Amino acid sequence: MTPWLQRLDASDRAIFARLALTPSCATARRVFWSSITHLGGATSSIGLTLLAWLHPAVSWSVCWRTLLLLGWSHLAVQVIKRTVGRPRPRLHEPLATLVDVPDRFSFPSGHACAAMAFAIGFAPAFPVLALPLLGLALLVGFSRVMLGVHYPGDVLVGQSIALLTAYPLLR
């Protein structure tokens, strides 16, 4: 690993160590962050997209675009996860994860990517909701670090994948 990657990795681990909750944290904090984190899961992101289609103010094209964005960004995340193979923090850090982890790879965060993809998919059609959706997507990413399942860099790259994947779909 090159020196700058080593420094980046060390910074990522240091930030993680400061932010991640411990198993002895208040139950309310754990419940709050666990609730937020599940909004980035496949069931929530796909389910909310399909549920939005039932609303008369939401067009099928918006839902279709969001589903495409979720699918393409998920594919990119999975290819990168299996190529890079960065282990989750629980294998290197003294802290335990506070939620179940979907797989053994940490980089990039699929939940952070899905939450951002959902926000980006709906934001252009509903500008008044853009900031709340983006804020919620950022909270989902932050929750992944707080709950001990991702390093901050994993989250940033996951969110970036959603942004990059959205570009050709939103042009």
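Treat the numbers as computed from the prediction; the structure is a model and nothing was measured. (Residues numbered from 1 in each chain as written. Predicted model: local features only at pLDDT ≥ 70, side-chain atom pairs only at ≥ 80, totals over all residues. Heavy atoms only, no water.)

## Things to note about the overall build of the protein
Regarding its fold elements, the protein presents seven helices and zero strands. Reading the protein from its N end, one meets helices and strands in the order α-α-α-α-α-α-α. Computed over its C-alpha atoms, the radius of gyration of the protein comes to 16 Å, within 12% of the 16 Å expected for a compact globule of 171 residues. Considering only C-alpha atoms, the protein reaches an extent of 50 × 40 × 25 Å along its principal axes. In the protein, buried positions account for 45% of the 171 residues. Carbon and sulfur atoms provide 70% of the accessible area of the protein, an area that totals close to 9100 Å². Charge-centre separation for the protein: the mean point of 14 positive side chains lies 5 Å from the mean point of 6 negative side chains. (Helix = DSSP H or I, 4+ residues; strand = E, 2+ residues; numbered from the N terminus. Rg over C-alpha atoms; globule rule 2.2 N^0.38 Å. Buried < 20%, exposed > 50% of the residue type's maximum accessible area, 1.4 Å probe, protein only. Areas by Shrake-Rupley, 256 points an atom, 1.4 Å probe, with all protein chains shown as cover. Lys, Arg positive; Asp, Glu negative; His and termini not counted. Charge placed at Lys NZ, Arg CZ, Asp CG, Glu CD.)

## Quick look at the side chain of Arg88
In this structure, Arg88 sits in the loop between helix H4 (60-84) and helix H5 (110-122). Classification of Arg88 as buried rests on a relative accessible area of 0%. Only 2.9 Å separates the side chain of Arg88 from the backbone oxygen of Val149, close enough to count as a polar contact. If we ignore the near neighbours within four places in the chain, the residues touching Arg88 are Lys81, Val101, Pro102, Asp103, Arg104, Phe105, Ser106, Arg144, Val149 and His150. (Polar contact = N/O pair within 3.5 Å; in protein donor to acceptor, adjacent residues only side chain to side chain. Contact = heavy atoms within 4.5 Å.)

## A word on the confidence of the model for the protein
Caution applies to low-pLDDT parts of the model: their predicted coordinates are not meant to be read in detail. Considering every residue of the protein, the mean pLDDT works out to 89; 94% of them sit at 70 or more. In the model of the protein, helix H1 (residues 3-19) stands out as the element of lowest mean pLDDT, 85, in contrast to H5, which has the highest, 96. (pLDDT = per-residue confidence, 0-100.)

## Focus: the pattern of salt bridges
Under the definition given, this model contains four salt bridges. Arg86 is the salt-bridge partner of Asp12, the closest N and O atoms lying 3.0 Å from each other. Note that Asp12 is positioned in helix H1 and Arg86 in the loop between H4 and H5, a separation of 74 residues in sequence. Taking the relative accessible area as the measure of exposure, Asp12 reaches 9% and is therefore buried. Note that Arg86 is salt-bridged to Asp154, the shortest N-O span being 2.8 Å. Taken together, the positions of Arg86 in the loop between H4 and H5 and Asp154 in helix H7 (residues 152-170) put the pair 68 residues apart, joining distant regions of the chain. (Salt bridge = Lys/Arg side-chain N within 4 Å of Asp/Glu carboxyl O.)

## Structural notes on a nonpolar patch on the surface
Taken together, Leu39, Ile46, Leu48, Leu50, Leu51, Trp53, Leu54, Trp60, Trp64, Leu136 and Leu139 make up a surface patch of nonpolar side chains, about 1000 Å² in accessible area. Of all the secondary structure elements, the ones that give two or more residues to the nonpolar patch are helix H3 (42-53), H4 and helix H6 (127-146). With five residues, H3 is the single largest residue contributor to the nonpolar patch. By secondary structure assignment, the location of Leu54 is in the loop between H3 and H4. Accessibility expressed as a relative area gives 64% for Leu54, which makes it exposed. (Patch = residues over 30% accessible without salt bridge, like charges linked within 9 Å, V, L, I, M, F, W, Y side chains within 5 Å.)

## As for unusual backbone geometry
A cis geometry characterises the amide bond from Phe107 onward to Pro108, with omega recorded as -5°. Mapping Pro108 onto the fold places it in the loop between H4 and H5.

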